[in-house]
Amino acid sequence: MEQVFQITALCVVGALLAVVVRRGSSELALLLTLAAVAAVLLYLAGALEELLSFLTELGERSGVSQELFIPLYKTVGIALVVKVGSTLCRDAGESALGAVVETAGAVCALLVALPLLRAVLTLLLELMK
C-alpha cells in the first residue's frame, strides 16, 4: 500500500514540474513526464516480478494450460502500455496519434487473444456434436 503513495507522490511531483517547465519548453516537459513514467516502471519491477511469479503458480495449480493464460497476460500488458502511450500522445498535443495507439492496441490485443478464442471455438464445436 505504501508503494501507491510513493508512486502517486512521484507522479504528482513530476506533473507539477512538467507544468512549470511547459511554459518554457513543452518538449522538455514531455521528456520530464517520460522520465517519471520510467521511474515508476523501474520502481515497480520487483512487484511485477512477484505478480508474474504468482500468476505462473496460479496457472500451474489450476490445471489449466499455460497456453491459455499467456494470451490473458499479454492482453493486460498491451492494455497498460496503450493506456500510458495514448495518454502521453494526448499530453503532447497529438490526440490523433493517441487514437492510433489505442486502435493499434485493440488490434494487437485481438491478435494475442486468438489462441484463446480458438480454444473457445473448439470447445463450443465439441459441445455441439
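As the structure is a prediction and not an experimental result, all values here were calculated from the model.

Asks: Sorry if this is basic, but what is going on with the environment of A29 here?
Replies: Position of A29 among the secondary structure elements: in helix 2 (residues 26-62). A sequence separation of 42 residues divides A29 from P71, and the C-alpha atoms of the two residues are 35 Å apart. Excluding residues that lie within four positions of it along the chain, A29 makes contacts with A18, V21 and R22.

Asks: Before we go on, may I ask you to explain the layout of surface pockets in this structure?
Replies: Here the idea is plain: a probe the size of a water molecule rolls over the atoms and shows the empty space left. As a volume, the largest pocket reaches approximately 830 Å³. Around the largest pocket sit 29 residues that line it, and V40, L41, L44, L80 and V84 are the ones nearest its centre. Elements that contribute at least two residues to the lining of the largest pocket include exactly helix 1 (2-22), helix 2 and helix 3 (66-91). It is helix 3 that contributes the most residues to the lining of the largest pocket, 12 residues altogether. For the lining of the largest pocket, the class distribution of residues is 22 nonpolar, 4 polar and 3 charged.

Asks: Sorry if this is basic, but what is going on with helix 1 here?
Replies: At 3.6 residues per turn, the α-helix brings residues three or four places apart onto the same side. When the terminal C-alpha atoms of helix 1 are compared, their 30 Å separation across 21 residues agrees well with the 30 Å that a helix rising 1.5 Å per residue should span. Where helix 1 is buried, its residues contact helix 2.

Asks: Would you mind going over the side chain of S86 with me for this structure?
Replies: Checked against the element boundaries, S86 lands in helix 3. Every residue in contact with S86, bar those within four places of it in the chain, is listed here: G98, V101 and E102.

About the cut-offs
Within each chain, residues carry numbers counting from 1 in the order of the written sequence. Local features in a predicted model are, by the rule used here, given only for residues with pLDDT of at least 70; side-chain atom pairs are given and counted only at 80 or more, and totals for whole chains, interfaces and linings are based on all residues. Here the side-chain values reflect all heavy atoms present in the structure, with hydrogen atoms and water set aside. Put simply, DSSP H or I for four residues or longer makes a helix, DSSP E for two residues or longer makes a strand, and each gets a number counted from the N terminus. Any two residues whose heavy atoms approach within 4.5 Å are treated as being in contact. Using protein atoms alone on a 1 Å grid, points that fit a 1.4 Å probe yet trap it form a cavity, whereas open point sets bounded by protein on both sides within 12 Å along at least five of seven lines form a pocket; residues with an atom within 4 Å of a point count as lining. Grid points are joined across faces, edges and corners, and a volume is the space filled by probe spheres set on the points. In this classification, the charged set is Asp, Glu, Lys and Arg, the nonpolar set is Ala, Val, Leu, Ile, Met, Phe, Trp, Tyr, Cys and Pro, and all remaining amino acids, among them Gly, are polar. Expected span of a helix: the number of residues minus one, times 1.5 Å.

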